[in-house]
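Understanding the architecture of this molecule
Single-letter residue listing:
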Amino acid sequence: MKRRSRPVLFTIALWGVTAGSAPLLSAEAKKSDPKAEIKVEERTLSNGMRLLLYPRPDEPTISGGWVAHVGSANERPGITGISHLFEHMMFKGSQAIGTKDYKKDLEIIAEQEKVRGEIRAEEAKLRTAYRRGEIDDVTRPENKSARQKELEKKFDELVKAQREILVKNEFDRIYTKAGGSGMNAFTNKDMTVYFITVPKNKLGLWMWMESDRLASPVFREFYAERDVVFEERRLRTESTPTGKLEEAFEEMFWHGHPYTWPVIGYPSDIPAITKAQADDYFSLYYAPNNLTAILVGDFDPKEAVALAERYFGRIPRGKTPPPEMTTLPPRWEAEMRLIGEAETNPQVAIDWHTVAFQHRDSYPLQVLAQLLNGRTGRLFKGLVLPVDAVATSASAAQESGRYAGSFGIAAECKEGKRPEETEKAIDAEIEKLQKELVPAEELQKVKNNSAANSFRRLSSNMAILIQTLVNDGLGDWREINEGPKRIQAVTAEEVRRVAQTYLTKENRGVAVFTRKGSAAAPSPDEAALASLPEQARPMVKQLLQRVGTEKDPEKLKAMISQMESQSSSVPPEMKKGLDLVLARAKERLAELAKPEKK
Amino acid sequence: MRTFRPIPFLLAAALATLASARPALAAGIPDRPEKLTFPPFTFSPPSAAAYRTTLPSGPVAYVAEDRELPLVSISITLRGGRYLDPAGKEGLAELTGYLLSRAGTKSFTAEEQEERLAFLAANAGSSIGDDRGGVSLNLLSKDLDEGLKILREILTEPRFQESRLTLRKEQLLTEMKTRNDESQEIESRERSFLALGEGFFSNRFPTKASIDSIRREDLVAFHREWFDPRNMIVAASGDFSRAEMVKKLDALFAAWPYQGKAAPAVPKPDHQMPAGLFLVDKDVNQGRVSILLPGVLRTDPDFFAIQLMNDILGGGGFTSRITNRVRSDEGLAYSASSRVSGGVWFPGLVSVSFQSKVRTCSYATQIVLEEMGRMKSAEVTDEELLTAKRSFVETLSRRFATKSQTMGLFVDEELTGRFGLDPAYYSNFRANVEKVTKADVKRAAERLLATGSATVLVVGKKSDLLSPDPKHPVPYPSLTGGKVTDLPLRDPMTMKPVAAPPSR
């Protein structure tokens with residue numbers, strides 16, 4: 001289902017989400033099978049940074065990563081998107097990496113910041129002008145003041161000067177030369193995660209590189225990268241058919257909670273984030289006591305602990321601990337609905353507020369989702385398969401975030417079916433789950449799949465690393481081993497109870513998307529009108545109406561000759577419209593000349 | 001909005017600079033990563049021959065024992081693909097491939113088979129693409145024998161249950177309606193038309209008429225004609241004894257119930273790529289740009305040099321020139337890269353693609369063309385070539401990360417004929433990469449990057465594309481010899497061109 005792939009995760013580079021798409025939450029273990037356990041060794045360094053180690057000699061590589069326990073939920077309006085922008089900045093180098101002359105580089109950055117301060121003052125004026133209706137678009141380059149253009153030129157000169165001493169993308173170059181692969185990072189509402197795979201003999205390099213960018217990062221090329229991030233927003237949200245509607249739905253569903261704003265950031269926030277804000281953000285949230293590093297692969301854990309203490313241990317603990325995100329999701333006690341049109345097939349999505357990571361009800365909710373999913377699931381059987389089906393595809397998921405969770409069902413309407421019908425069919429499936437206990441065999445099927453998937457998820461170093469990072473980011477890596485056991489313990493009564501408790505009308509948000517302009521195909525006149533300049537349309541429309549209803553051939557002839565005489569003198573933007581009316585008038589005349597039908 | 005102020009963090013760093021070149025490092029940590037030393041490690045790729053066997057019943061099989069987890073993975077790859085679609089029945093290969101494992105067998109209805117597989121937590125799937133198809137099964141090793149029984153029926157006696165055919169056709173028609181929704185899909189389709197010609201098999205898209213015309217008998221006939229053991233290659237890995245698995249696989253193909261045909265060769269295109277600028281008007285605020293040139297076969301004697309050239313130009317991510325300039329320097333795109341696909345059956349394509357806000361597309365295109373030119377006018381640096389080489393050589397092990405991935409790779413070598421022609425391809429890989437010189441890279445660029453005759457495809461809002469950002473007012477047509485062709489959108493159900501919607 002399309003809506004399930006909504007952009008809640010943003011990356012430094014395009015990423016074939018193979019490892020990350022592992023079924024994290026449906027993973028399941030047989031209680032007795034030690035092969036399904038991920039045996040992690042856990043250490044805490046002297047500065048509070050945590051280290052998780054999982055030696056696995058099956059591949060001649062080490063996949064290494066770390067998670068910063070900060071995501072868009074830690075932001076506020078005005079700086080939305082900073083967590084993700086920040087993720088990009090972590091690849092820009094350090095005092096040692098990325099420049100030939102560290103001292104000069106810092107001087108140039110300081111100069112750049114001064115100019116940026118002045119540019120910001122101009123940008124503030126643009127926003128004021130926009131609020132007063134004096135300009136139509138703050139991003140349109142033609143609206144910039146002469147002063148701003150001059151300052152930007154000055155800034156570009158400083159960028160040029162910096163480029164002289166820059167060692168372009170050196171961070172990546174060093175890893176690439178050493179056989180690093182799959183280097184990437186992602187940000188979501190709860191966490192920011194960084195990872196790479198290196199050959200097994202390069203553990204020391206990983207320690208050097210990762211600790212160096214945490215010990216002395218330099219956010220150079222900050223403003224160009226901010227533009228890159230805006231292009232990422234255009235790519236994933238603004239120029240996709242449903243991106244903006246999905247963003248609106250998230251906003252509505254999480255209203256009153258920090259999950260409400262998009263991870264990528266509001267379009268007016270991204271270009272306004274300052275380097276100073278990024279610096280503050282780093283010192284608060286990237287202190288070692290807010291980070292967990294994880295290694296999976298062919299290494300000696302004793303050596304890894306010693307190296308980690310030497311490399312990461314040198315970074316001082318943060319002065320103040322990061323503040324807790326205190327907002328609890330409000331209960332609105334009312335169904336919310338979003339109705340939108342887009343270039344997409346008609347579809348329905350229903351999300352219910354449920355529970356956060358490791359809540360005891362999250363397990364029966366995961367089971368509930370799997371009862372609905374797949375080719376033997378209830379949605380396929382109830383909505384897709386019947387002769388009078390209402391959907392071409394449908395799926396469900398329990399998403400347990402660190403601070404709150406939701407349960408969602410989405411379906412694409414079958415040709416000829418209205419979203420209301422599809423929605424009704426979803427409701428009927430839910431009602432059955434609320435009334436009747438799930439048969440034992442059906443429940444066992446879900447548990448069997450969970451158990452098998454707990455092996456499948458262990459296929460590679462990178463897959464194991466990503467799952468461990470994500471679970472630690474959510475609050476507890478042990479969930480990898482504990483969650484599956486709790487799924488095995490779920491009963492039919494629990495499934496029915498959570499369906500009754502959470503899947504209620506007043507607890508949900510519904511999104512209905514229909515195809516833009518699908519109500520009726522435009523008539524030839526409407527299409528022609530659309531091609532005219534805006535100011536010409538009302539008048540042409542009026543004339544077309546008159547021509548179309550005129551019954552007197554003489555009056556039509558008079559109009560035609562009048563228009564023909566004007567044809568050469570009308571302004572160019574009206575010419576096309578006039579020609580259109582003229583053509584229709586002649587057609588009407590010919591029609592009237594035909595003998596009347598009985 | 002906060003205005004600039006000095007940041008304590010940077011101040012501290014600056015003060016430290018006064019004392020020494022950079023802040024003091026903890027004991028035992030060198031100031032540069034180049035000073036680290038590493039234990040020696042050289043990866044030797046596994047040999048395909050060690051896993052290969054020809055089953056008495058026909059197919060070649062690659063079989064690897066892997067006892068780490070109690071799982072077995074089996075996949076059967078089929079020679080043959082969409083190029084076998086009869087004219088007027090475009091979509092037949094795809095439908096047959098999809099429904100083979102999803103529409104029942106002789107003994108089980110689709111519903112019964114799916115219930116049983118789901119209860120066993122077994123994943124079965126099947127599909128047919130451009131030049132190959134496949135059936136796969138992944139299950140717990142304890143259920144292997146039952147799984148193989150089901151697999152044999154899927155391969156030899158698929159039911160193609162009418163209700164599932166109807167459902168799949170409806171799904172395909174619904175999906176067809178979205179063909180003009182995403183600018184990405186429009187770009188990818190038009191790129192293929194420009195590169196290979198509209199008549200080429202991979203561009204003969206299913207239409208409503210072709211899907212409507214497909215009957216169950218067509219699927220049955222397609223299956224009997226092409227699902228012949230001699231068109232199949234098998235891969236198996238997981239928790240089993242190799243000798244026993246070979247026996248079981250042999251039984252899977254023994255006494256095949258009907259006689260099919262050997263798959264014919266994949267057709268080759270007969271098409272000259274048109275030079276110039278091609279525009280598709282689509283109301284989106286980010287343009288999608290593809291710059292295309294003819295490529296080579298992967299057996300080309302220059303192919304290693306060509307790959308290294310591409311890596312330095314735009315294939316190597318953050319270490320490549322296009323990413324450095326278009327993304328890092330100018331902030332014009334999130335993704336900007338080049339790709340040289342080494343063709344297996346016919347020459348591949350050289351393509352550079354990026355996405356940028358519509359009004360900066362022409363400026364970014366200019367930069368890309370400039371970088372392509374620079375690859376021809378001067379040799380790359382030693383550092384660039386070394387980085388590219390190391391990246392190829394040192395990441396070779398990633399292609400063999402798991403047993404199932406390794407078996408899949410060997411099947412690909414077998415299917416595409418490289419195993420027969422060049423069985424030492426992977427053992428010579430390192431040496432072949434190492435011997436490429438800067439002169440070779442320049443020669444490869446001169447051969448392939450004929451920017452003057454490039455095909456440039458842009459999908460975006462046309463009025464904005466032709467009104468570039470005033471800061472870098474590069475007029476688009478000037479980049480491609482002034483020739484601009486408007487490409488119409490296609491009717492999604494017939495793929496016939498429709499009049500372009502008016503730009504607003």
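Residues numbered from 1 in each chain as written. Chains lettered and ligands numbered in written order. Predicted model: local features only at pLDDT ≥ 70, side-chain atom pairs only at ≥ 80, totals over all residues. Heavy atoms only, no water.

Check the secondary structure of chain B and you find 19 helices and twelve strands. Referenced to the eigenvectors of the C-alpha coordinate spread, the extents of chain B come out at roughly 80 × 65 × 50 Å. When the 504 residues of chain B are sorted by exposure, 56% land in the buried category. Per element, the accessible surface of chain B, about 20400 Å² overall, is 55% carbon and sulfur. (Helix = DSSP H or I, 4+ residues; strand = E, 2+ residues; numbered from the N terminus. Buried < 20%, exposed > 50% of the residue type's maximum accessible area, 1.4 Å probe, protein only. Areas by Shrake-Rupley, 256 points an atom, 1.4 Å probe, with all protein chains shown as cover.)

Here the focus is the overall build of chain A. The number of helices and strands found in chain A is 20 helices and twelve strands. Expressed as lengths along the three principal axes of its C-alpha atoms, the size of chain A is roughly 100 × 70 × 40 Å. Counting only residues that meet the buried cut, chain A has 60% of its 598 residues in that class. Long-range pairs, those at least 24 residues apart, make up 83% of the contacts in chain A between residues at least 6 apart in sequence. Carbon together with sulfur atoms contributes 53% to the accessible area of chain A, which is approximately 24400 Å² in total. Measuring between centres, the 90 positive side-chain charges of chain A sit 1 Å from its 87 negative side-chain charges. (Contact = heavy atoms within 4.5 Å. Lys, Arg positive; Asp, Glu negative; His and termini not counted. Charge placed at Lys NZ, Arg CZ, Asp CG, Glu CD.)

By size, the foremost hydrophobic cluster in this structure holds 71 residues, and its most contacted members are W66, M90, M207 and Y286 of chain A. The residues contacting M90 of chain A, other than those within four sequence positions of it, are W66, Y194, R213, L214, F219, F282 and Y286 of chain A. F303, V358, M372 and M375 of chain B belong to the second-largest nonpolar core, a separate cluster that totals 70 residues. (Core = buried A, V, L, I, M, F, W, Y, C linked by side-chain atoms within 4.5 Å.)

Before going further, it helps to spend a moment on the sheet that holds strand β3 (residues 71-79) of chain B. Residue and element names in this part refer to chain B. With mixed pairing, six strands are arranged side by side in an open sheet as β1-β2-β6-β3-β5-β4. With one partner strand each, in any of the chains shown, β1 (52-54) and β4 (123-128) form the two edges of the open sheet. Taking the axes of each pair of neighbouring strands and ignoring which way they run, one obtains an average angle of 15° across the sheet. Judged from the six bridges that link them, strand β2 (residues 60-65) and strand β6 (residues 232-238) form a sheet pairing that is parallel. Its bridge partner being in β6, A61 is matched across the sheet by V234. Each of β3, β5 (132-140) and β6 is contacted by helix α4 (residues 144-156), which is oriented at about 160° to β5, the strand it contacts most. (Pairing = 2+ DSSP bridges. Axes fitted to C-alpha atoms, helices over the stretch in contact; angles between N-to-C directions.)

All names here are of chain A. For the structure on display, the rule yields 92 salt bridges over all chains. A salt bridge links R140 to E142; the nearest nitrogen and oxygen atoms lie 3.9 Å apart. One salt bridge in this structure joins E210 and R213, with 2.8 Å as the shortest N-O distance. Of this pair, E210 and R213 both sit in helix α5 (residues 203-215), three residues apart, which is roughly one turn of the helix. Judged by relative accessible area, which is 2%, E210 ranks as buried. Of the residues examined, R213 reaches a relative accessible area of 3% and is grouped as buried. (Salt bridge = Lys/Arg side-chain N within 4 Å of Asp/Glu carboxyl O.)

Our focus in this paragraph is the packing of aromatic side chains. Residue and element names in this part refer to chain A. For the coordinates displayed, the defined rule picks out 38 aromatic pairs over all chains. Centroid distance W66 to Y194: 4.1 Å. Interplanar angle 15°. Geometry classified as stacked. One end of the pair, W66, is in strand β4 (residues 61-68); the other, Y194, is in strand β6 (residues 192-199), with 128 residues separating them in the sequence. Assigned by exposure class, W66 and Y194 land together as buried. (Phe/Tyr/Trp six-rings, centres within 6.5 Å; stacked < 30°, edge-to-face > 60°.)

Take the sheet that holds strand β12 (residues 508-515) of chain A next. Residues and elements named next belong to chain A. Pairing in this open sheet of five strands is mixed, and the strands run β8-β12-β9-β11-β10 from one edge to the other. Of all strands in the sheet, those with a lone pairing partner are β8 (336-342) and β10 (391-400), marking the two edges. Averaged over neighbouring strand pairs, the angle between their axes works out to 10° when direction is ignored. Where β8 lies against β12, seven bridges are found, and the strand directions are parallel.

Moving on: helix α3 (residues 110-119) of chain B. Residues and elements named next belong to chain B. Three or more residues of α3 are buried, namely A110, Q113, E114, L117 and A118. Looking down the long axis of α3, one finds its buried residues gathered within 125° of arc, a one-sided arrangement. Phi turns positive one or two residues past the end of α3, at A121, with a value near 55°. (Arc of directions from axis to C-beta.)

This paragraph deals with the pairing of β4 of chain B. All names here are of chain B. Summarising the sheet, β4 and β5 pair through six bridges and their orientation is antiparallel. If you follow N123 over to β5, its bridge partner there is N138. Linking two consecutive strands that pair antiparallel, namely β4 and β5, is a turn of three residues.

Tallying the contact residues gives 107 residues for chain A and 97 residues for chain B. Buried surface at the junction of chain A and chain B, summed over both partners, amounts to about 8800 Å²; 56% is from carbon and sulfur atoms. Considering only the surface of chain A that becomes buried against chain B, R173, K177 and R375 of chain A emerge as the three largest contributors, covering 8% of it. Across the contact surface, chain A and chain B share 15 salt bridges. When the shortest N-O distance is used, the salt bridge between E114 of chain B and R375 of chain A registers 2.8 Å. Of the residues in the side of chain A that touches chain B, the class split is 33 nonpolar, 26 polar and 48 charged. (Buried area = accessible area lost by both parts, 1.4 Å probe. Nonpolar A, V, L, I, M, F, W, Y, C, P; charged D, E, K, R; others polar.)

Among the secondary structure elements, E434 of chain B is positioned in helix α16 (residues 429-434). One polar contact links E434 of chain B to R390 of chain B, side chain to side chain, over a distance of 2.8 Å. (Polar contact = N/O pair within 3.5 Å; in protein donor to acceptor, adjacent residues only side chain to side chain.)

This part takes up the packing of α4 of chain B against helix α9 (residues 242-253) of chain B. Residue and element names in this part refer to chain B. Remark: α4 packs on α9, axes separated minimally by 9 Å, with the N-to-C direction vectors making an angle of 25°. Between α4 and α9, the interaxial angle falls into the category roughly parallel. Between α4 and α9 lies a crossing whose hand is right-handed. The residues of α9 that touch α4, namely those facing L144, D145, L148, L151, R152 and L155, are M245, K248, A251, L252 and F253. Counted by class, the contact of α4 with α9 contains eight nonpolar, no polar and three charged residues. (Parallel < 35°, antiparallel > 145°, perpendicular 65-115°, else oblique. Left-handed = near helix turned anticlockwise from the far one by under 90°.)

Residues and elements named next belong to chain B. When its domains are assigned, chain B resolves into domain 1 (48-180 + 191-253) and domain 2 (276-486). Between the C-alpha centres of domain 1 and domain 2 there is a distance of 33 Å. With 26 residues of domain 1 in contact, the opposing surface of domain 2 contributes 20 residues. Between domain 1 and domain 2, roughly 2000 Å² of surface is buried when both sides are summed, and carbon and sulfur atoms account for 71% of that area. Connecting domain 1 to domain 2 are two salt bridges. At the boundary of domain 1 and domain 2, one finds seven residue pairs in polar contact (both at pLDDT 80 or more). If you list the elements that add at least two residues to the side of domain 1 that touches domain 2, you get β2, β3, α6 (183-196) and β6. (Domains from an automatic or database assignment.)

Per the domain assignment, the segments making up chain A are domain 1 (336-515) and domain 2 (524-593). Between domain 1 of chain A and domain 2 of chain A, the C-alpha centre-to-centre distance is 57 Å.

A few words on the packing of helix α12 (residues 419-435) of chain A against helix α16 (residues 492-502) of chain A. All names here are of chain A. At a closest axis distance of 7 Å, the pairing of α12 and α16 adopts a crossing angle of 125°. In this view, α12 runs oblique relative to α16, as classed from their interaxial angle. Judged by the sense of rotation from one axis to the other, the crossing of α12 with α16 is left-handed. Residues L433, Q434 and K435 of α12 lie in contact with α16, whose contacting residues are R496, A499 and Q500. Looking at the contact of α12 with α16 residue by residue, the class counts come to two nonpolar, two polar and two charged.

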